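Geometric and topological summary
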Amino acid sequence: MEWIVTLYGDNHFLEELSKSFNSADICIQKENGNYILKSDRFADLSTVQDVRDHAEKLLRLIKGPAKLALGYGPAMKIEQVLQIRDDGTRHYFVHLSICGTVSCSVDTRIINPDGTVEEHHLADAALDWVSLSQKEPAVKMMFDQVSDDFENWHGLYNVFDIIREDVGDIPKKGWCDAGELKRFTQTANSKEAVGVKARHGKWISAPCNPMSLSEAKGLITKIITEWLQEKAIHYGL
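Residues numbered from 1 in each chain as written. Predicted model: local features only at pLDDT ≥ 70, side-chain atom pairs only at ≥ 80, totals over all residues. Heavy atoms only, no water.

In this structure the tally under the stated criterion is 11 salt bridges. Residue E136 is joined to K231 by a salt bridge in which the shortest nitrogen-to-oxygen separation is 3.3 Å. Here E136 is found in the loop between helix 3 (124-135) and helix 4 (137-148), whereas its partner K231 is found in helix 8 (residues 213-235), with 95 residues between them in sequence. The residues E136 and K231 share a single accessibility class, namely buried. Here K231 ties to D166 by a salt bridge, and the two come within 2.9 Å at their closest N and O atoms. (Salt bridge = Lys/Arg side-chain N within 4 Å of Asp/Glu carboxyl O. Helix = DSSP H or I, 4+ residues; strand = E, 2+ residues; numbered from the N terminus. Buried < 20%, exposed > 50% of the residue type's maximum accessible area, 1.4 Å probe, protein only.)

Structural data, given as structure tokens:
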């Protein structure tokens with residue numbers, strides 16, 4: 001018996017993931033115009049609910065790393081689960097949710113002097129990040145936050161808190177300037193600076209040069225990248 005999970009979502013997002021996620025544990029590929037999710041773990045499962053639950057778990061693992069790697073994270077849903085029995089009989093279990101967005105990206109293709117070709121895809125980094133999130137609870141917590149909210153001051157500050165809790169003094173790691181980090185935290189906490197989007201209800205003065213949301217996202221993304229690189233070196237990834 002074989003289980004195949006068909007995914008529904010933004011085709012461009014799924015296409016990017018299919019270029020990178022091709023391991024036995026998590027494989028996303030396009031077949032007959034549909035994007036499907038395969039995993040060797042499905043073979044150990046006996047009911048459609050068990051397969052759906054494990055597929056949802058894999059999608060949750062992927063979403064945060066993919067969102068960080070690709071710069072956006074549209075919803076991925078299970079459209080249907082297909083059970084192929086040993087006698088060839090096919091049973092379809094449909095579960096459809098509508099979602100969609102529009103985006104674009106660029107892959108890198110390098111042709112070496114010897115004629116060999118290297119292709120690098122935007123979602124490649126997400127592979128190691130998924131592996132890290134399965135080894136390090138703090139990394140998984142951070143990616144869960146990225147998946148849930150990486151667009152607002154609360155979400156960005158939560159990511160900062162998770163990393164600070166893990167490593168301590170971030171500027172001492174050389175990942176950012178202390179003054180820049182102070183400008184971020186004061187802006188995020190200040191009603192004067194960001195109004196109702198501020199983390200605190202009490203009045204906190206704005207810094208003399210408040211940080212924009214796009215600047216804040218760039219700063220936290222840089223800190224995340226440095227942190228993940230350190231983790232990857234530790235685990236030999």
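Here the narrative resumes, following the displayed structure.
Let us look at the side chain of D10. In this fold, D10 is placed in the loop between strand 1 (2-9) and helix 1 (11-20). Put simply, D10 is tucked away with no salt bridge, and the nearest opposite charge, on K19, sits 11 Å away. Here the side chain of D10 touches F13 through a polar contact of 2.8 Å, landing on its backbone nitrogen. (Lys, Arg positive; Asp, Glu negative; His and termini not counted. Polar contact = N/O pair within 3.5 Å; in protein donor to acceptor, adjacent residues only side chain to side chain.)

This part takes up the pairing of strand 5 (residues 90-94). Relative to strand 5, strand 4 (residues 76-84) runs antiparallel, the two sharing five bridges. Following the sheet pairing, L82 is matched in strand 5 by Y92. Between the antiparallel neighbours strand 4 and strand 5 lie five residues, among them G88 with a positive phi of about 95°. (Pairing = 2+ DSSP bridges.)

What helix 1 keeps buried is the set F13, L14, E16, L17, S18 and S20. For helix 1, the elements touching its buried residues are strand 1, strand 2 (27-31), strand 3 (34-38), helix 2 (48-70), strand 4 and helix 3. (Contact = heavy atoms within 4.5 Å.)

Next up on the list: the sheet that holds strand 5. Taken in spatial order, the five strands of this open sheet run 2-3-1-4-5, and their pairing is antiparallel. Strands with a single pairing partner mark the edges of an open sheet, and in this sheet they are strand 2 and strand 5. Each strand of the sheet is rotated relative to its neighbour by a mean of 30°, with strand direction disregarded. Across the sheet, helix 1 touches strand 1, strand 2, strand 3 and strand 4, and the angle it forms with strand 2 is around 120°. Relative to the sheet, helix 2 contacts strand 1, strand 2, strand 3, strand 4 and strand 5, its axis offset from that of strand 4 by approximately 145°. (Axes fitted to C-alpha atoms, helices over the stretch in contact; angles between N-to-C directions.)

Let us look at the environment of E31. Among the secondary structure elements, E31 is positioned in strand 2. Look at E31 and you get partly exposed, because its relative accessible area is 29%. Placed 25 residues apart in sequence, E31 and T6 show a C-alpha to C-alpha distance of 9.6 Å. Those residues within four positions of E31 in sequence are excluded, and the remaining contacts are I36 and K38. Polar side-chain contacts of E31 include one of 2.4 Å to the side chain of Q29.

This brings us to the pairing of strand 3. On a regular strand, one side chain projects to one face of the sheet and the next to the other, so that they alternate. Relative to strand 3, strand 1 runs antiparallel, the two sharing three bridges. Looking at the pairing, V5 lines up with L37 of strand 3. Linking strand 2 to strand 3, which pair antiparallel, is a turn of two residues; within it N32 sits at a positive phi near 55°.

Looking now at the side chain of Q145. On the secondary structure map, Q145 appears in helix 4. Discounting chain neighbours no more than four positions away, the residues touching Q145 are F150, G155, N158, V159 and I162.

What follows is about the packing of aromatic side chains. Evaluated as defined, the whole model comprises six aromatic pairs. Consider the rings of Y157 and F160, whose centres lie 5.3 Å apart with planes at 85°: the pair is edge-to-face. With a gap of three residues between them, Y157 and F160 both fall in helix 5 (residues 153-167), about one helical turn apart. Across this residue pair, the class does not change: Y157 and F160 are buried. Grouped by ring-pair contacts, the aromatic residues W153, Y157, F160 and F184 constitute a single cluster. One Lys or Arg, R199, reaches over the ring of Y157 and ends 3.6 Å from the middle of that ring. (Phe/Tyr/Trp six-rings, centres within 6.5 Å; stacked < 30°, edge-to-face > 60°. Lys NZ or Arg CZ within 6 Å of the ring centre and 35° of its normal.)

That is the geometry; function is a separate question.
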